[in-house]
Amino acid sequence: MIPVALRLRNFMCYREGLPPLEFGDIHLACLSGPNGAGKSALLDAITWALWGRARGRTDDDLISTGANEMEVEFEFLLEGTPYRVRRQRERAQRGGAGAGKKSGRTRLELEAFGPLGWRSIAGENVPQTERRIVDLLRMDYETFVNSSFLLQGKADLFTLKPPAERKQVLADILGLAYYERLEERARERLRLEERRVQDLAIALEALERQLARQEELERAKEQAAQDVARWQEELDRQWRALEEVRARMSELEAQRLHLTETEKRRTRLKSEVEQLRARCAQQQERVEAARRILEQAPEIEAAYMHFRQLQERNEELSRMAGQRLALAEQVRELEQAIERERSRYVTEREVLRRQIAEREHRLRERPQLLERLNRLAQQLEQAQELEQQRTALQAEERARMETVQTLRAECQRLREEMSLLREKLALLAEGEANCPLCQSPLGAEGLERVRRSYEAEDKEKRDLYRAREAAAQQEEKEIARLRGKLQELEEQLRGRSLLEQERAVLERMLAELEHLAQDQARDQAALASIENTLAGGDFAHEARRALTAVRQELETLPYDRAEHDALRKELLRLRGIEGEYRQLTAARMQLEAEERLLGETRTALLEREDELQCVETQLQQLQEVLAEWAALQHRRQQLESAWKSAQLQLQRADQALGAALGELQQLERLGEERKEKERELKKRRDQVAIYQELLESLGKRGVQAMLIESAVPEIEQEANLLLRQMSDGEMSVQVAMQRVTQKGTVQETLDIHVSDLRGTRPYEMFSGGEKLRIDFALRIALSRLLARRAGARLQTLVIDEGFGSQDTQGREKLVEAIHSVEGDFEKILVITHLQELKERFPVRIEIERTEEGSRWTMV
């Protein structure tokens, strides 16, 4: 991975508006600046963009103070292909009263550059995209900071790790996760084969239990064959007896059918006799009722004629009542129309009165508004005078600032000339008898003369410098005084815009009052007209004329309500006479017909009674013939039940025989299946043995341990090359893969032993400077191993504040070591705040902290 560009927004001490930090032309560079300026924050931005990690801080702690979100965009090259990572974070927000804290949100984008430009290769969410970045770089954050990234205060991160964690870092660098994945796949295959072996063993056990039933099934087959023969014989015997009974019943079937038809005929005749008797009684009752009604004919006819006369008079009075009601409704509607017209005028009068009163109240404000407008005009004239004073002071301030710039430029020129004179005097102080400029011989007297000339010229320039500096300071004091006056004028002029706004408002209000005065006169005239109209009743003329005409017609209508009510009561009393008259009419028409129907019904009744007597005689004769039928029917039912029972037993015996034969055939197939499963079981057990051996080979004690053991000599060799260079051959490291415990057993480990002129000592017994050299040598060795073995190709080395613990010689050795590994990395970035080391690097990135946040400058 080769850094190309870094863009920051609101990340830690870096705010908005920064140009991108370009790494394109850098090979070896130094990031310098005072403590706390933000040197390490640049490296935190890179790791946060790639892995979301930055020296243990939470994401919200990385957002600049006062900002609610941050963004880091990191562009890099990997195997010749440009990639771009952009990570954004919104700060968690606390809700209002009673609301919980709203969690922050992170967005992550990953893009690759191709023939069609940038295209997204991100996952569906942030975790998936982070996994793609790790797969792309072939390393996670821990591997990065343990190999090619020496974080501030964490250069010993690898050295101080426990042996097990050191082995894990080394395994990550060597890409042993691939073998771990193979090991896990072998373990899954082993579990699968073991389950298959177990399933086959269980299946074989079940087959053995089934095959053990063969003798029992043979005996069941013989017993079922005997039962089939016995029940077949019983079934034939029951069938012959049943056929004999059915033949006799067939002979009696015709007589039984005739008996059934005769019984149905008797039932029908009985029903017809009952119906004819009931019909005779009803017809006799209707004849007698008609005769009684005809006896009252004179009284009913007289009452009905009187009832009809009363109905005609009631209809006439109802018609006049309807006319009276319609006229009354017209009167009510006309009165309502007149009242609506009057209410409209009353409403208009009240609206006008309210509008006139409101305008009167507003028009009383006009004198006060005019007075306030005059005062504002005076205040604005005073503000115009202050504006002229501010313009004059601003012009004077600009002139004095130009004077200060001229004086400061002259002072700078005098400082440079005085510095040149001091260098010349220093050369003269060395005592050489040659001119310091042209190298011609001067002699002692000539040297003294030149020295005095330089000193006089230096004194003259110092005096002139002091004069110009004093003049510049005096001008700056005047500028400060002018700015104080300008600030006072600004305070006084600050309310001018408010005064102008208030004047515009007052002018608009006065214009509105002028329009109100015009509307007031118009509404007062309208109000006087409405009051005159209401007082004289001069409205709704057409409705008033129509009302008078309808009232006259209502008074002339000849309608007597008392007569109408009495007539209604009499009609209500006589309401039953109509029914009696209809019954009289119907009785006259139906009496002769009802008498004729009564005679016919009586004749039919006598005929049905004679026929019923004949049928009863026939039924008695048939019942005597069919006395044997019931016994035969009972016998047939018994025989059918016995035959069905024998048939069921035969079916059961036949089924038992078929089941026994089927199970015996199944056992033959199971025997073949057992042989097949035994062969399959042997094959699966062989597979289990193979996967067990493969699992052991791919485990941490197998090929992984072999790869680590082969890498340790490379780490020792690479680290000792640098460590001897930095310690003049006095120090070396050894990495032990095993140690003997107190019990005398051998334990797997990854211990680091350090040797110098005083022998081999623990890492903790060395000084801070010595530890840094050891850590640096081991980390560079890990980086080289990472490049060769894991294929991660970081190609970038970062050293954060590694020189503070070194003496002068140790610093020189570290710088030499850095230069010695230049060829192994495309880019090397060294972070330091030591002034004397900056010049040792061809490129410097200067970091400074300002009120607007930290900034960088490429030097």
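Residues numbered from 1 in each chain as written. Predicted model: local features only at pLDDT ≥ 70, side-chain atom pairs only at ≥ 80, totals over all residues. Heavy atoms only, no water.

A. Molecular detail of the sheet that holds strand β5 (residues 81–90). Read across the sheet, six strands follow the order β2-β1-β4-β5-β8-β9 without closing on themselves; strand pairing throughout is antiparallel. Taken across any chain shown, the strands that pair with only one partner, and hence form the sheet edges, are β2 (21–22) and β9 (117–120). Bridge count for strand β8 (residues 105–114) against β9 is four bridges, and the pairing is antiparallel. Each bridged residue has a counterpart across the sheet, and for Ala112 the counterpart in β9 is Arg119. Running at roughly 40 degrees to β8, helix α2 (residues 126–137) makes contact with β4 (69–78), β5 and β8 of the sheet. (Pairing = 2+ DSSP bridges. Helix = DSSP H or I, 4+ residues; strand = E, 2+ residues; numbered from the N terminus. Contact = heavy atoms within 4.5 Å. Axes fitted to C-alpha atoms, helices over the stretch in contact; angles between N-to-C directions.)

B. Inspection of the pattern of salt bridges at higher detail. Applying the stated criterion across every chain yields a total of 54 salt bridges. Of the charged contacts, one joins Glu335 and Arg551 as a salt bridge, the two residues approaching to 2.6 Å between their closest N and O atoms. Of this pair, Glu335 sits in helix α7 (residues 297–363) while Arg551 is found in helix α11 (residues 541–555), placing the two residues 216 residues apart along the sequence. Judged by relative accessible area, Glu335 falls into the partly exposed class, the value being 38%. The salt bridge partner of Glu350 is Arg349, with a shortest N-O separation of 3.8 Å. The exposure class assigned to Glu350 is partly exposed, which follows from its relative accessible area of 36%. Assessed through its relative accessible area of 19%, Arg349 is described here as buried. If you follow the salt bridges from partner to partner, you end up with Arg7, Arg9, Glu16, Glu69, Glu71, Glu73, Glu75, Arg86 and Glu109 in one network. (Salt bridge = Lys/Arg side-chain N within 4 Å of Asp/Glu carboxyl O. Buried < 20%, exposed > 50% of the residue type's maximum accessible area, 1.4 Å probe, protein only.)

C. Expanded view of the packing of aromatic side chains. The full count for this structure, using the stated rule, is seven aromatic pairs. Centroid distance Tyr14 to Trp856: 5.5 Å. Interplanar angle 45 degrees. Geometry classified as tilted. Taken together, the residues span a long stretch of sequence, with Tyr14 in the loop between β1 (2–9) and β2 and Trp856 in strand β17 (residues 853–858) at a distance of 842 residues. Accessibility assignment for this pair places Tyr14 and Trp856 in one class, buried. (Phe/Tyr/Trp six-rings, centres within 6.5 Å; stacked < 30°, edge-to-face > 60°.)

D. Spotlight on the pairing of strand β16 (residues 843–850). Relative to β16, strand β3 (residues 28–32) runs parallel, the two being bridged by four bridges. Paired with Ser32 across the bridge in β16 is Glu846. Here β16 runs beside β17; their pairing, made up of six bridges, is antiparallel. Note that in β17 the partner of Ile847 across the bridge is Trp856. Counting the residues in the hairpin turn of β16 and β17 gives two residues.

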